[in-house]
Amino acid sequence: MIPTVILFYSAPGQEQDLLEIKGKFLQLTWHGREYLIFAHFELHGYHNQILAHFLEDHAIPHCWVTKETLEVYEPELIVIGGGRFRVDTEHGTLVLWDDSQAYGRFDERGLPDKIATASHEWSGFQVNIQ
């Protein structure tokens, strides 16, 4: 199993100890790692915005062709898909569902195990895929 990295982009001024967090997430691979990138809905309302944030953070060349179209100039980066999420920190649950209009549905195969082995505070949460 390739290593999985979980990233969370919170909304500006958002408290880290919120009981419930909702938003969208993106699943991609890059340089032999799988990334699950979660973003609070107040920060990024679209999956391509989440991708652009990741690209900027990692200095990966990219360009907005139109308001909706993002071009990535990194052949090793492969977007698998995306969806929506809800985290209940009080009860330790992570719910994943839906699909990205831009990138399609995420690959749910083995995802609970990948999340469980990631080094992140949500790794111990029960994962529910709908």
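See the structure printed just above.
Quick caveat, the model's predicted, so the values are computed rather than measured. Chains are numbered independently. Their residues run from 1 in the order of the written sequence. It should be noted that, the model being predicted, local features are given only for residues of pLDDT at least 70 and side-chain atom pairs only at 80 or more, the latter also being counted only at that level, while totals for whole chains, interfaces and linings use all residues. Side-chain figures throughout are based on the complete set of non-hydrogen atoms in the structure, without hydrogens or water.

Novice: Explain the pattern of salt bridges residue by residue, including any values.
Specialist: Think of a salt bridge as a Lys or Arg side-chain nitrogen and an Asp or Glu carboxyl oxygen that are within 4 Å of each other. Within this structure, the stated rule accounts for five salt bridges. A salt bridge links Arg84 to Asp98; its shortest N-O distance comes to 2.7 Å. Residue Arg84 is located in strand 6 (residues 78-88), and its partner Asp98 is located in the loop between strand 7 (93-97) and helix 2 (111-117); the two are separated by 14 residues in the primary sequence. Note on classification: 1.4 Å probe, protein chains only; a residue is buried when its accessible area is under 20% of the maximum for its type, exposed when over 50%, partly exposed between these limits. For Asp98, a relative accessible area of 30% translates into the label partly exposed. Glu108 is the salt-bridge partner of Arg105, the closest N and O atoms lying 2.9 Å from each other. By relative accessible area, Glu108 is classed as partly exposed at 37%. Here a strand is any run of E in DSSP of at least two residues, a helix any run of H or I of at least four, and the numbering for each starts at the N terminus.

Novice: Tell me about the packing of aromatic side chains, residues and numbers included.
Specialist: In this description, an aromatic ring pair is defined by two values, namely the gap between the centres and the angle between the planes. Two rings belonging to Phe, Tyr or Trp (six-membered ring only in the last case) form a pair when the distance between their centres is within 6.5 Å. Interplanar angles under 30 degrees mark stacking, angles over 60 mark edge-to-face geometry, and anything in between is tilted. Counting across every chain of the model gives nine aromatic pairs. The structure contains a cluster of three or more aromatic residues connected by ring pairs, namely Phe8, Phe25, Phe38, Phe85, Phe106 and Trp122.

Novice: Any chance you could break down the side chain of His44 for me, citing the residues and the numbers?
Specialist: Checked against the element boundaries, His44 lands in the loop between strand 3 (33-40) and helix 1 (47-57). By relative accessible area, which is 11% here, His44 ends up buried. Identification of polar contacts relies on pairs of N or O atoms within 3.5 Å, with a donor-acceptor requirement for protein atoms, meaning one able to donate a hydrogen and the other able to accept it, and with residues adjacent in sequence counted only if both atoms are side-chain atoms. At a separation of 2.8 Å, a polar atom in the side chain of His44 contacts the side chain of His53. In what follows, a contact means two residues having at least one pair of non-hydrogen atoms within 4.5 Å. Those residues within four positions of His44 in sequence are excluded, and the remaining contacts are Tyr9, Ala39, Gln49, Ile50 and His53.

Novice: So what's going on with helix 1? Residues and values would help.
Specialist: Looking only at helix 1, the buried set comprises His47, Asn48, Ile50, Leu51, Ala52, Phe54 and Leu55. In this structure, the buried side of helix 1 is in contact with strand 1 (4-9), strand 2 (20-30), strand 3, strand 4 (62-64), strand 5 (70-72) and strand 6.

Novice: Would you mind going over the sheet that holds strand 7 in detail, with residue names and values included?
Specialist: Strands were regarded as paired on the criterion that DSSP finds at least two bridges between them. An order of 1-3-2-6-7-8 is seen for the six strands of this open sheet, with the pairing classed as mixed. With one partner strand each, in any of the chains shown, strand 1 and strand 8 (126-129) form the two edges of the open sheet. On average, each strand axis in the sheet is inclined to that of its neighbour by 25 degrees, with strand direction left out of account. In the sheet, strand 1 pairs with strand 3 via six bridges, with the strands oriented parallel. Considered in strand 3, the bridge of Ile6 is made with Leu36. Each axis is a line fitted through C-alpha atoms, and for a helix only the stretch in contact is used; angles between axes span 0 to 180 degrees, taken between their N-to-C directions. Helix 1 rests against strand 1, strand 2, strand 3 and strand 6 of the sheet, and its axis sits at about 60 degrees to strand 2.

Novice: Outline the pairing of strand 7, listing residues and values.
Specialist: Of the pairings in the sheet, the one linking strand 6 to strand 7 comprises five bridges and is antiparallel in character. Counterpart to Asp88 in the pairing with strand 7 is Thr93. Here strand 6 folds back onto strand 7, and the loop between the two strands holds four residues, one of which, Gly92, carries a positive phi near 65 degrees. Inspection of the sheet shows strand 7 paired to strand 8 by four bridges, in the parallel sense. Residue pairing across strands places Leu94 opposite Val127, the latter belonging to strand 8. Crossover handedness is defined here as right-handed if the route from the first strand over the helix to the second strand goes clockwise, with the strands pointing away from the viewer. With respect to chirality, the unit in which strand 7 leads through helix 2 into the neighbouring parallel strand 8 is right-handed.

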